[in-house]
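Examination of the molecular architecture
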Amino acid sequence: MMPGTIPGGQLQRNAAALDNHVLIGLIAAVLPVPLAIAFGLGYQAVAPGTEYGVVGKNVSYGFSSLLVISGVYVLFSPAARAVAFRFDRPSKDEAAWALLGFPIGTALYLGASAATQAAGLTMSGYEYTLSDPVVIGAVVFGAVLVSPLAEEVLFRGVVLGTLLGRGIHPVVAGGVAIMTFGLIHVSLLGIAGVITMCAWAIVPTALRLRFDSLSGAWFVHQLNNIWGYIVVVAFGLG
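Analysis parameters
Residues numbered from 1 in each chain as written. Predicted model: local features only at pLDDT ≥ 70, side-chain atom pairs only at ≥ 80, totals over all residues. Heavy atoms only, no water. UniProt positions renumbered as here; feature names shortened; annotations may be inferred. Helix = DSSP H or I, 4+ residues; strand = E, 2+ residues; numbered from the N terminus. Expected span 1.5 Å × (residues − 1). Contact = heavy atoms within 4.5 Å. Buried < 20%, exposed > 50% of the residue type's maximum accessible area, 1.4 Å probe, protein only. 1 Å grid on protein atoms, 1.4 Å probe; cavity = no way out; pocket = protein on both sides within 12 Å on 5 of 7 lines; lining within 4 Å. Points joined across faces, edges and corners; volume = space filled by probe spheres on them. Nonpolar A, V, L, I, M, F, W, Y, C, P; charged D, E, K, R; others polar. Axes fitted to C-alpha atoms, helices over the stretch in contact; angles between N-to-C directions. Parallel < 35°, antiparallel > 145°, perpendicular 65-115°, else oblique. Left-handed = near helix turned anticlockwise from the far one by under 90°.

The next point concerns the UniProt feature "domain: CAAX prenyl protease 2/Lysostaphin resistance protein A-like" (unreviewed entry) in the chain. UniProt's entry tags residues 139-226 with the feature "domain: CAAX prenyl protease 2/Lysostaphin resistance protein A-like" (unreviewed entry), counted in the numbering of this structure. Secondary structure content for residues 139-226 is 90% helix and 0% strand, and the end C-alpha separation is 10 Å.

The end-to-end C-alpha distance of helix H8 (residues 170-183) is 20 Å, a good match for the 20 Å that 14 residues give at a rise of 1.5 Å each. Buried residues along H8 sit in contact with helix H1 (8-14), helix H2 (22-30), helix H7 (133-165), helix H9 (186-211) and helix H10 (215-234).

Another aspect to go through is the environment of phenylalanine 155. The residue phenylalanine 155 is located in helix H7 in this model. By relative accessible area, which is 0% here, phenylalanine 155 ends up buried. In this structure, the C-alpha to C-alpha distance between phenylalanine 155 and proline 204, residues 49 residues apart in sequence, is 10.0 Å. The residues touching phenylalanine 155, leaving out its near neighbours within four places in the chain, are Ala29, Leu160, Ala177, Thr180, Phe181 and Ile184.

Before going further, it helps to examine empty space enclosed by the protein. Space left empty within the atom packing is revealed by a probe, the size of a water molecule, rolled over the atoms. For the coordinates displayed, the defined rule picks out 1 cavity of 30 Å³ or more. Within this model, the largest cavity holds a volume of roughly 50 Å³. Every residue along the wall of the largest cavity is listed here: Asn14, Ala15, Val83, Arg86, Arg208, Asp212, Ser213 and Leu214. Residues that form the lining of the largest cavity fall into these classes: 3 nonpolar, 2 polar and 3 charged.

This next bit is on the UniProt feature "transmembrane region" (unreviewed entry) in the chain. Mapped onto the present numbering, the UniProt feature "transmembrane region" (unreviewed entry) falls at residues 21-43, 63-84, 96-115, 135-159, 171-203 and 215-237. In residues 63-84, the share of helix is 91% and the share of strand is 0%. The end C-alpha atoms are 19 Å apart. End C-alpha atoms of residues 96-115 are separated by 29 Å, and the span's content is 100% helix alongside 0% strand.

A separate point is the layout of surface pockets. Space inside the largest pocket adds up to approximately 1600 Å³. Surrounding the largest pocket, 47 residues form its lining, Gly125, Tyr126, Leu188, Leu189 and Tyr229 being those nearest its centre. Top contributing element to the lining of the largest pocket by residue count: H10, with 8 residues. Estimates place the volume of the second largest pocket at around 490 Å³. As for the second largest pocket, its lining consists of 22 residues, and the residues nearest its centre are Thr205, Ala206, Leu207, Leu209 and Arg210. Of all elements in the fold, only H1, helix H6 (92-118), H8 and H9 reach the threshold of two or more residues within the lining of the second largest pocket. Sort the elements by how many residues they give to the lining of the second largest pocket and H9 lands first, with 7 residues. Taken together, the residues that form the lining of the second largest pocket break down as 14 nonpolar, 7 polar and 1 charged.

The backbone of aspartate 212 shows a phi angle near 55°, a positive value even though the residue is not glycine. On the secondary structure map, aspartate 212 appears in the loop between H9 and H10.

A separate point is the environment of alanine 206. The topology assignment puts alanine 206 in helix H9. Put simply, alanine 206 and leucine 223 are 17 residues apart on the chain and 16 Å apart in space, counted from C-alpha to C-alpha.

Bringing the packing of H7 against H9 into the picture now. One can describe the packing of H7 onto H9 by two numbers: an axis separation of 11 Å at closest approach and a directional angle of 60°. The angle between H7 and H9 places the two elements in the oblique class. Crossing hand, H7 versus H9: right-handed. Every residue of H9 that contacts H7 at Glu152, Arg156, Leu160, Gly161 and Leu164 is listed here: Trp200, Ala201, Pro204, Thr205, Arg208 and Leu209. Here the residues of the contact of H7 with H9 sort into 6 nonpolar, 2 polar and 3 charged.

Structure representation (structure tokens):
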């Protein structure tokens, strides 16, 4: 065990307030995606022939995610919220590991991406440029600001927390949270995207388990999305 690592039994005891929320947690974690798709279908029904595109996808996913985490906050008791929304002031150690987690996560992502390509799997997605201020605003809102916060709450806070609260071993609970996180990307990125997202998610999950807080996990997620959705696109590094 690394110095400063919180023992598994303590992690489970700290999450006990979420022990009866496993089903709600899993539903909440995957709900933003179908909600965003429903918003998109509704928009196209109201304005047929209009391209939904990157703006619509980012805005709808952002609003869907905010709606879901707001619902979770209202439904949970104060004790359950304290676990699911636990953003403690990070220690120097946590901040340092989060900074280190960014290149590690990038390396895991690139390694998994290369492996899926070698296996003949192609990662889908959408392409865009940052020449349009509307596109910039939508991407910043959906992918840069809302997504890291909401996904950390839902996957590392709610899903992982509920499993720990049921007494499940941290490694198993972390694996389930990682797989669930990867699977929500299948509609946008395909099977290759699921694999690469699972590989990347090892880093924020490890941070959440080591420090029993979402702060470091959120920070590395935030850095990753700024890099992936803004810097890489702006400078054509993809």
